[in-house]
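Read off the chains here:
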Amino acid sequence: MSQSCRVVVLISGSGSNLQAIIDGCDDNLNANVVGVISNKPDAYGLIRAHHSEIDTSCVIAYKNETRSEYDARLLAAVEKYQPDLVVLAGFMRILTDDFVSRFLGKMINIHPSLLPKYTGLHTHQRAIDAGDNEHGASVHFVIPELDSGPVILQAKVPVYAGEDAAELAERVHEQEHAIYPLVVKWFSLGRLTMSDGKAYLDGELIGPSGYAPD
Ligand code: GAR
């Protein structure tokens, strides 16, 4: 991508991944967060964006609004920024197929599990309950099926005996902040693509557990 990659970030909460991406963009002249959109007016990520002088919008769901009606308003808010890349960073709404299709190959998500394990919620507790000895986070392209798009990059952490979900979540979160800006950078440099439901880095197919250097 020769011009700076216009990134729009969708959030619902603290926005610590947003912060990691903003910080990463400061070191990477190829990408710029041009807008942050939240579905929650009290999301702390909106304050983070404000501190970095990034434009913000809030698209709050109306009572009785259908998912399609909401997503039509969300689409208008996103398109206003003319993004090259849409980044879901803790955006806790399920998106309609129409919305996802509009940004196929241009929208990524971070999920707190080693996908395909534990799509949906409560991933840390589920990993502990299953007795897993490793857990982690995955960055993936977004496709209509929830948390099921091709994985781009994963980070793993060990699960320690006796630790609770909050402790595990904190260690996973730290890893998220390392991998998400890196994936944004790859995309902004034109190195990352999705084709036929598969992810490619520098034209090489990325395996099911994400990029793994030889
Ligand atoms: C992150 O842990 C992210 O993986 C998760 O929400 C958190 C947002 O934290 N996303 C999902 O669960 C999506 N299915 P943040 O607001 O501090 O970036």
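Structure first, text after, so check above.
Residues numbered from 1 in each chain as written. Predicted model: local features only at pLDDT ≥ 70, side-chain atom pairs only at ≥ 80, totals over all residues. Heavy atoms only, no water.

## Thoughts on the sheet that holds strand β8 (residues 192-195)
- With antiparallel pairing, 3 strands are arranged side by side in an open sheet as β8-β9-β10. Of all strands in the sheet, those with a lone pairing partner are β8 and β10 (204-205), marking the two edges.
- Two strands pair when backbone bridges link them, and strand β9 (residues 198-201) and β10 are joined in this way by 2 bridges, in the antiparallel orientation. Residue Tyr200 lies in a different strand from β10, and its bridge partner there is Leu205. (Pairing = 2+ DSSP bridges. Helix = DSSP H or I, 4+ residues; strand = E, 2+ residues; numbered from the N terminus.)

## Considering the pairing of strand β2 (residues 31-38)
- β2 sits mainly inside the fold: 7 of its 8 residues count as buried.
- The pairing of strand β1 (residues 5-11) with β2 spans 7 bridges and is parallel. Residue pairing across strands places Val8 opposite Gly35, the latter belonging to β2.
- Pairing of β2 with strand β3 (residues 56-58) involves 3 bridges; the strand directions are parallel. Considered in β3, the bridge of Ser38 is made with Cys58.
- For the crossover from β2 across helix α2 (residues 44-51) to β3, the handedness is right-handed. (Buried < 20%, exposed > 50% of the residue type's maximum accessible area, 1.4 Å probe, protein only. Right-handed = clockwise from strand over helix to strand, strands pointing away.)

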